[in-house]
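Residue-level structure breakdown
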Amino acid sequence: MRKPVERSRWRSVLVISAVAITLSSYLFITAPPPLAAPTPPTDTIPTRALFSILELENDAARALYTEEIVNRGKQAGLKFDEHWRDDAVKAGPLPALFLRETAKHLEGSGSQLGLFLGSRFPINQANRLTGNQAERFVILESTNTPQFFYEASTQRHTAMFTDRAVAEVCVKCHNEHKDSPKTDWKFGAIMGATTWMYPEEQVTRTRALELVGTLRASVRAAYTAYLAEVGTFVDKPEVGNRWPKDGFYLPSADVFMTELERRASATTLHGLIDPDSAERAATAEPPRVEVSSRPPISVPANPTLTVRSTSETRVTIESEGDRMMVARLPAGGSTSLSVQPPLVVKLTEGRGVEVEYDGNVLELPKPDSSGEVELKLGSPPGKS
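Residues numbered from 1 in each chain as written. Predicted model: local features only at pLDDT ≥ 70, side-chain atom pairs only at ≥ 80, totals over all residues. Heavy atoms only, no water.

1. Observations regarding helix α3 (residues 95-107)
Its 13 residues place the ends of α3 19 Å apart at the C-alpha level, agreeing with the 18 Å of an ideal helix rising 1.5 Å per residue. Those residues of α3 not exposed but buried are Pro95, Phe98, Leu99, Glu101, Thr102, Ala103 and Leu106. (Helix = DSSP H or I, 4+ residues; strand = E, 2+ residues; numbered from the N terminus. Expected span 1.5 Å × (residues − 1). Buried < 20%, exposed > 50% of the residue type's maximum accessible area, 1.4 Å probe, protein only.)

2. Overview of the nonpolar core
A general trend in soluble globular proteins is that nonpolar side chains are found buried together. Grouped together as the largest cluster of nonpolar side chains are 50 residues, with contacts concentrated most on Ile69, Trp196, Tyr223, Tyr226 and Phe256. When residues of this core are assigned to their parent elements, the largest contribution, 11 residues, is made by helix α2 (residues 47-76). Those residues in contact with Tyr223 that lie beyond four places of it in its chain are Ile69, Phe98, Leu250, Pro251, Ser252, Ala253 and Phe256. Of all hydrophobic cores here, the second largest spans 18 residues; its members include Leu343, Val345, Val373 and Leu375. (Core = buried A, V, L, I, M, F, W, Y, C linked by side-chain atoms within 4.5 Å. Contact = heavy atoms within 4.5 Å.)

3. Here's the deal with the pairing of strand β14 (residues 343-347)
Alternating positions in β14 separate cleanly, Leu343, Val345 and Leu347 being buried on one face and Val344 and Lys346 remaining unburied on the opposite face. With four bridges joining them, strand β11 (residues 313-319) and β14 adopt antiparallel strand pairing. If you follow Val315 over to β14, its bridge partner there is Leu347. (Pairing = 2+ DSSP bridges.)

4. Description of helix α4 (residues 131-143)
Taking 1.5 Å per residue, 13 residues should reach 18 Å; α4 reaches 19 Å between its end C-alpha atoms and fits that length. Listing the buried residues of α4 in full gives Gln133, Phe137 and Leu140. Around the axis of α4, the buried residues are gathered within 65° of arc, so they sit on the same side. Opposite the buried face of α4, at more than 90 degrees from it, the exposed residues are Glu135 and Ser142. Residues of α4 that are buried sit in contact with β2 (114-118), β3 (147-151), β4 (156-164) and β5 (190-198). (Arc of directions from axis to C-beta.)

5. As for the sheet that holds strand β10 (residues 304-309)
Strand pairing in a sheet is mediated by backbone hydrogen bonds. Such pairs are either parallel or antiparallel. Taking strand neighbours across the sheet as the criterion, the four strands line up as β13-β10-β15-β16 in an open arrangement whose pairing is antiparallel. Edge strands, defined here as strands with exactly one partner in the open sheet, are β13 (334-338) and β16 (360-362). Strand-to-strand twist of the sheet, defined as the mean angle between neighbouring strand axes without regard to direction, takes the value 20°. Judged from the five bridges that link them, β10 and strand β15 (residues 353-357) form a sheet pairing that is antiparallel. (Axes fitted to C-alpha atoms, helices over the stretch in contact; angles between N-to-C directions.)

6. Overview of the pattern of salt bridges
Counting across every chain of the model gives 21 salt bridges. Across the pair Glu68 and Arg263 runs a salt bridge whose closest N-O atoms are separated by 3.9 Å. A residue pair is termed long-range when its members are at least 10 positions apart, and Glu68 in helix α2 and Arg263 in helix α7 (residues 253-273) qualify at 195 residues. Overall, the relative accessible area of 4% leaves Glu68 in the buried class. Across the pair Arg120 and Glu141 runs a salt bridge, and its minimum N-O distance is 3.1 Å. With Arg120 in the loop between β2 and α4 and Glu141 in helix α4, the pair connects residues that are 21 residues apart, well separated along the chain. (Salt bridge = Lys/Arg side-chain N within 4 Å of Asp/Glu carboxyl O.)

7. Remarks on the sheet that holds β2
One open sheet accounts for four strands, arranged β2-β5-β4-β3; its pairing is antiparallel. Edge positions in the sheet fall to β2 and β3, since each has one partner strand and no second. Adjacent strand axes in the sheet meet at a mean angle of 25° when their direction is disregarded. Note that β2 and β5 share five bridges and pair antiparallel. Of the residues in β5, the one forming a bridge with Phe116 is Thr195.

Quick look at the structure:
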C-alpha cells in the first residue's frame, strides 16, 4: 500500500525540481536586466528660464502701471513727466522711467541681478546699446526672438527681450521729445530691449523664487517713490483702495502690489514648474495697452473685465468701435481692464479660457468656423 504513495511523492519532487530549474534559468540567464533606479528630479532651472519668468513679471508690472496709473491718471488730472524727480516738477515717472526706478532698486538689492533698458535711438544717450548688445539687438529686432548669451565684458549671463511701444503715451513722448533721434515711431514698434544679467548659468527653484521676490520688492519701491513724490503735490489725490479710473485717486502700495500679484502669479508659478513654458511665453508679444481717450465714468466705478487662460490665446477688447486692449496671453496668464459696456471680447482660442465681468463668470458662445470666440456685452451686469 505504501508504493503508490511513494511514487506520488517522487513525482511531486520531480515537478518541483523542474520548476525550480526553469525559474533559475529565467532569472539568471534569460531575465531582462533590472529596472534602473528612477532619476530624481533636478531642483535647478536654466538662468535663461529665470530671465523669461522675470521678464513676464516685469511686463505685468509695466502694463499695470501704464494702463491703470499713467493713462487713467492723466484722464483723472494727474501729471507724468521725464523730470519727475526735479523739485519744481510735480509729476510722476513715465512708464520707461518707472522701469528705470525699478532697476535702480534692483541694483541696490545685493542680489547680483541686473536690469537695463536700452535702445538704438534713446532720448538719453546713456541708454544707447553698444558693442555685443547692439549686435544682438539687430538679431532681436529682425527675428523678434529673445537673445540669450554670455557677456564676457561683464562676466554675466544675459538675456535681451523686445521693448515695444505698448501704449500711445510711449509713441507720443518719443516722437515729440526735443532730444529724440527718431520721431516716426509707430504703435507696437520695437523701441529697444530690456536686458537682464546674472552671474550663474543655473539657479535652484528656491533661488529663482527669491529673485522674483526681489523684483517685486523693487517694483514696490519704485511705486512707493512715486507716492512719496505725490505727497509733495499741492493738489494731492487720495491714496487708498481706489484707482484713477474712479476719479482723483491712487492705490496704496499694498493695493498696487496685490493687483500685480493677482495678474502675474499664475504665469510665474507655471514657469517655475515648466521652465520651457516661460521661454515660450516671453517670446510672445507683451500686452498692448490701448485706452480710449474718452474720460472715464467715476460714478459708479467702472466694472472690471478679467480674462484668464490655461492655453495660449489672443484677446481683443473693443468698446463702441474703439479698440481698448490687445493682449497675447500665455498658458496660465491673465489680463484685466476696467471699462463700461458695451463691449466686444474676441478670443482666438476659447478652450480653457474664463471671462469674468464685474465679479460674474460669463458663459462663452460657441466658436465660429475659424475657431475664434466673440462675446458681446451690451449692458452692465444686472441691467437690461
